[in-house]
Amino acid sequence: MALSRLERAQVWLCKAVMGVLFTLFQFLSPRKPAGRKLPPVNNPLLVVSATQLAKKIRRREVSSVEVVQAYIDRIQEVNPLLNAVVKDRFAAALQEAAQVDKLIEEETGGEEVLEDRLPLLGVPLSVKEAFALQGMPFTTGVVSRRGVVATVDCPPVALLKRAGTIPLGVTNTSELCMWSESHNHLYGITNNPYDLERIPGGSSGGEGSILGGAGAVIGVGSDIGGSIRMPCFFNGIFGHKTTSGVVSHENQYPPVSGRQVEYLSTGPMCRYAEDLLPMLKIMAGPKAEMLSLNTKVDLKKLRFFTIPHDGGTPLTYPVSEELMQIQREVVQRLEADLGVKVQEVRLPGLRYGFQIWDTYMALPDKEGKPPHPFSELMGEPGRPVWPLWELLKWMMGKSEHTMAAIGLALLEMTHGPKPPSPFIIQQKEKLQKEVEELLGTDGVFLYPSHTRVAPKHHHPLFRPFDFSYTGIINILGLPVTQCPLGLNEEGLPLGLQVVAGKLQDRLPLAVALYLEKAFGGWRDPGAN
């Protein structure tokens, strides 16, 4: 659908202003010395999936202490470069690993009993700092929350620990988990393992960075606008945004309000596709039955669709040619290997992706209560911040908040108590119906994860709406798996989203296993 004359003018004006600001930013930015890169992975234990590690530990082919120590060594090696892990619990993790080894030594029921009761016994785990992990910081990068420590485990972490995993520490996020770069004034900025001058994404960017850098094998993320998928894309790993309402959101910060509970999803992040499904089974607890995860998926019987872009919108930039090309290559491989026909479709409503996400995130709940103002969350546990005052303080280098957080608070001011746009509501409802009819219970579609590969630090400030490629899937409530597809000529990860109908999570998870074999999955950034 072509843009109207007014929309074209808006595009030109927006990009012109952003272009001027970006040029000024580049001119004023300090030049960093090039050449720093991650060391390659040398310990073979670091290139084994969590599923296989658990099997080796159960069979006493390797001890849990050896595995945990290997990951501690890797974190200590790469974290000074990445700033991904913001607080560790290494001493406690080694003690827990020793207890695991003792348990295995004393077990009389055999390997099968252990696998059934403790499927990930002895496997190390990283956790996003926005999740409550008992005894660890629980701040989401807000300076005024410095010193807040979790007193309990949030449900998905508790379930993973009950399955035998051993948390190594917590990882960095964007301030209040509402930006595409993991940067805050409490912990600093996190770097991408493939290029330290680029972003790892947000808000689960610390998770994406340490996983991509082989400092963890499995991790936990949350996603309300792409916060699992963008970090997984930028860091070359797998991640799954579950069907909404399947995995508990309890004891996350910030808490959801308004109708946001319908759009937030908690899910697994990992380097190996075979770990996605067992992690999801554990994290979903009794609700895992809703997803029929034990039902075998025959990829040859699925209906495949590809959507190359959102159709053109005044707010997002066009998808880069290299990302559209890798999506075309996926289509070709699917058709050649599986004998399926991948149909290209266009959904006009996708071009309103940001407006739909922005509108629905601000809707009140069933009792009429609106979402908590972002300015209130920025001031917790004290008074709400004044965005304009914070902007002035930021310009003088005195603010405790990032420019991204201040910008979001300013944007919130412009909304005011006005009713949602009937046009946007209509577009969302129409899009929802089209997508559900398209996918049914046996369809998946391929969709770009972003408009470009991992940007350089702070660049998203000048292209703030490109996350709509992930955000729109949250509002539609669909399950989606982010899959890596190798590296581009600069050595940066490529990838795409595989989307299915509600409660059909097993479909994109099965496609992820295929794509890992076809395109090689995660690549060691140190070997790049």
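To be clear, the structure that these remarks concern was listed above.
About the thresholds
- Residues numbered from 1 in each chain as written.
- Predicted model: local features only at pLDDT ≥ 70, side-chain atom pairs only at ≥ 80, totals over all residues.
- Heavy atoms only, no water.
- Core = buried A, V, L, I, M, F, W, Y, C linked by side-chain atoms within 4.5 Å.
- Buried < 20%, exposed > 50% of the residue type's maximum accessible area, 1.4 Å probe, protein only.
- Helix = DSSP H or I, 4+ residues; strand = E, 2+ residues; numbered from the N terminus.
- Contact = heavy atoms within 4.5 Å.
- Disulfide = S-S within 2.5 Å.
- Expected span 1.5 Å × (residues − 1).
- Arc of directions from axis to C-beta.
- Phe/Tyr/Trp six-rings, centres within 6.5 Å; stacked < 30°, edge-to-face > 60°.
- Pairing = 2+ DSSP bridges.
- Right-handed = clockwise from strand over helix to strand, strands pointing away.

**Re the nonpolar core**
One finds I218, F304, L334, F445 and L515 to be the most contacted residues of the largest nonpolar core, which totals 160 residues. Looking at this core, the element that brings in the most residues is helix α17 (residues 506-519), giving nine residues. Those residues in contact with F304, other than ones at most four positions away along the chain, are L299, L334, L338, V340, K341, V342, Q343, V444 and V511.

**Side note on unusual backbone geometry**
Cis geometry marks the peptide bond from G202 to S203; its omega dihedral reads 5 degrees. Along the chain, S203 falls in the loop between β5 (188-189) and α7 (205-212). Omega for the bond connecting E380 with P381 falls within 30 degrees of zero, at 0 degrees, which places this linkage in the cis form. Even without a glycine there, the phi angle at N83 is positive, about 55 degrees.

**Some thoughts on the state of the cysteines**
Should the sulfur atoms of two cysteines be covalently bonded, the bond is a disulfide. In this structure the tally under the stated criterion is zero disulfides. Note on C177: no disulfide assigned, nearest cysteine sulfur contributed by C154 at a separation of 12 Å. Owing to a relative accessible area of 10%, C177 belongs among the buried residues under this scheme. The thiol of C483 is not disulfide-bonded; the next cysteine sulfur, from C232, is found 9.7 Å away. On the basis of relative accessible area, C483 is assigned to the buried category, the value being 0%.

**Things to note about helix α6 (residues 155-162)**
Among the residues of α6, P156, V157, A158 and L160 are the ones counted as buried. On its buried side, α6 packs onto β2 (124-128), β6 (218-223), β8 (265-270) and α9 (276-284). Note on α6: the residue one or two positions beyond its end, G164, has a positive phi of about 110 degrees.

**Re helix α10 (residues 321-338)**
With 18 residues, α10 should cover 26 Å at 1.5 Å per step; its first-to-last C-alpha distance of 25 Å lies within 8% of that length. Within α10, burial applies to L323, M324, I326, Q327, V330, V331, L334 and L338. The arc enclosing the buried residues of α10, seen along the axis, measures out at 160 degrees, which places them on a common side. Facing away from the buried side of α10 by more than 90 degrees, the exposed set consists of Q332 and A336.

**Quick word on the side chain of R89**
Relative to the helices and strands, R89 is located in the loop between β1 (85-88) and α4 (90-106). For R89, a relative accessible area of 15% puts it in the buried group.

**Considering the packing of aromatic side chains**
A full pass over the atoms with the stated rule returns 10 aromatic pairs. Seen from their ring centres, F233 and F234 are 5.3 Å apart, and the 40 degrees between their planes marks the pair as tilted. Residue classification places F233 among the buried residues on the basis of a relative accessible area of 1%. Its relative accessible area of 1% is what places F234 among the buried residues. Between Y272 and W522, the ring centres sit 6.4 Å apart and the planes meet at 70 degrees, which makes this aromatic pair edge-to-face. With a gap of 250 residues between them, Y272 in the loop between β8 and α9 and W522 in the segment after α17 connect regions that are remote in the sequence. The exposure classification of Y272 matches that of W522, with both residues buried. Every member of this aromatic cluster is reached through a ring pair, and the members are F354, W357, F465 and F467.

**As for the pairing of strand β3 (residues 166-171)**
With six of its six residues buried, β3 lies for the most part within the structure. Pairing of β1 with β3 involves three bridges; the strand directions are antiparallel. Its bridge partner being in β3, V85 is matched across the sheet by T171. Sheet topology note: the β2/β3 ladder contains five bridges and is parallel. Bridge pairing in β3 places L125 opposite P167. Taken together, β2, α6 and β3 form a β-α-β motif whose crossover is right-handed.

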